[in-house]
Amino acid sequence: MIRAMVVLLALALPAAAQEVIVAGMSQNRVSITADFDGSEILIYGAVKRDAPPPEDVGALEVIVTVEGPSTPVAVRRKDRVVGIWINNASVRVDSAPSFYAVATTGPLDHILSDVDNLRYGITIERMIRAIGISDEADQAGEFVLALLRVRTNEGRYRVLEGKVELTEDTLFRTDVVLPANLTEGEYKVRLFLLRDKRVIASQERVIGVRKEGLERFVFNLAQEQPLIYGLVSLVLAALAGWGASAAFRLIRT
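Residues numbered from 1 in each chain as written. Predicted model: local features only at pLDDT ≥ 70, side-chain atom pairs only at ≥ 80, totals over all residues. Heavy atoms only, no water.

Section: the side chain of T123
Locating T123 in the fold gives a position in the loop between α3 (114-120) and α4 (124-129). In contact with T123, other than residues within four places in its own chain, are Y100, L108, L112 and N117. (Helix = DSSP H or I, 4+ residues; strand = E, 2+ residues; numbered from the N terminus. Contact = heavy atoms within 4.5 Å.)

Structure, rendered in structure tokens:
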């Protein structure tokens, strides 16, 4: 009898709305050519629901991350020794994203909990601290902060708070600018829906970045035929020097 009443009560209650992401991108492939100076990716989507959201939940928030291929990084610190600045200590980061951007509907501290940040690795700091750092120097955290500062100044690490536009808790969009100094490979795009600082849905997409044309030829030549690449570089350098010298003599006469 009690079990039957529980079942009837559960059926009488309104079903919790399940929210999922339906997303797309303006392009899923970027070609690096000789005149490539960066690219802008439009990431857009909608929230699909099977029922109206309950009124007693927090506001809907959206976070979009774009992560480039990861590579090992050696962070060095210069110290003054006998009047000369030299590399005195270093920390090796096993793997760090070559590019990372975080776009949000609001301040990260207000819309994302530390627990879900740790679980999903959303912020830039969490992405770097989640990977192994060899104990090669004292105060390794300072080296990580230096890496963050350098790559932020270079435009390779970006925090774009408030740059995701959310319309009527359903439609969202944001623009992420990829710099000219892109690393070739797959760029992972992750989208998160949040309520009450908790991730309730996520989706992952991929952008392929590849060298094309002359850039692809030079890259393949350097990787597959380094001797020929070196000889060609010497010949081109000699021709450029001779041409500059001839032009200078012509101007003087």
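Don't stop here, the text continues.
Section: the sheet that holds strand β1 (residues 19-25)
Taken together, 4 strands build an open sheet; the order of strands is β1-β3-β10-β9 and the sheet is antiparallel. Each edge of the open sheet is held by one strand with a lone partner, namely β1 and β9 (165-167). Going from strand to strand, the sheet's axes swing by 20 degrees on average, the running direction of each strand aside. As paired strands, strand β3 (residues 39-49) and strand β10 (residues 171-178) are joined by 8 bridges and run antiparallel to one another. By the bridge assignment for β10, G45 is matched with F172. (Pairing = 2+ DSSP bridges. Axes fitted to C-alpha atoms, helices over the stretch in contact; angles between N-to-C directions.)

Here's the deal with the confidence of the model for the chain
Detailed reading of the predicted coordinates is not advisable wherever pLDDT is low. Averaged over every residue, the pLDDT of the chain is 80; residues scoring 70 or more account for 75%. For residues 4-15, every residue scores under 50 in pLDDT, and the model assigns this stretch 1 contact once sequence neighbours within four places are set aside. (pLDDT = per-residue confidence, 0-100.)

Observations regarding the pattern of salt bridges
Evaluated as defined, the whole model comprises 6 salt bridges. Across the pair R195 and E19 runs a salt bridge whose closest N-O atoms are separated by 2.8 Å. In this pair, R195 is assigned in strand β11 (residues 185-195) and E19 in strand β1, connecting sequence segments 176 residues apart. For the pair R195 and E19, a shared accessibility class is recorded, and that class is buried. When the shortest N-O distance is used, the salt bridge between R119 and D116 registers 3.7 Å. Of this pair, R119 and D116 both sit in helix α3, 3 residues apart, which is roughly one turn of that helix. Judged by relative accessible area, R119 falls into the exposed class, the value being 57%. (Salt bridge = Lys/Arg side-chain N within 4 Å of Asp/Glu carboxyl O. Buried < 20%, exposed > 50% of the residue type's maximum accessible area, 1.4 Å probe, protein only.)

A closer look at the packing of aromatic side chains
In total, this model carries 2 aromatic pairs according to the counting rule given. An angle of 70 degrees between the planes, with centres 5.6 Å apart, marks the rings of Y120 and F192 as edge-to-face. Taken as a pair, Y120 in helix α3 and F192 in strand β11 lie far apart in primary sequence, 72 residues in all. With relative accessibility at 27%, the residue Y120 sits in the partly exposed group. Residue class for F192 comes out buried when judged on its relative accessible area of 2%. (Phe/Tyr/Trp six-rings, centres within 6.5 Å; stacked < 30°, edge-to-face > 60°.)

Comments concerning the sheet that holds strand β8 (residues 157-160)
Strand order in the open sheet formed by 6 strands is β2-β12-β11-β4-β7-β8, with mixed pairing between adjacent strands. The sheet terminates laterally at β2 (29-32) and β8, the two strands that pair on one side only. Here the strands of the sheet are splayed against their neighbours by 15 degrees on average, with no regard to which way each runs.

Considerations on the side chain of T105
Relative to the elements of secondary structure, T105 occurs in the loop between β7 (100-104) and α2 (108-111). Among the polar contacts made by the side chain of T105, one reaches the side chain of E61 at a distance of 2.4 Å. With sequence-adjacent residues up to four places away left out, T105 is seen in contact with E61, V62, I111, G162, V164 and L166. (Polar contact = N/O pair within 3.5 Å; in protein donor to acceptor, adjacent residues only side chain to side chain.)

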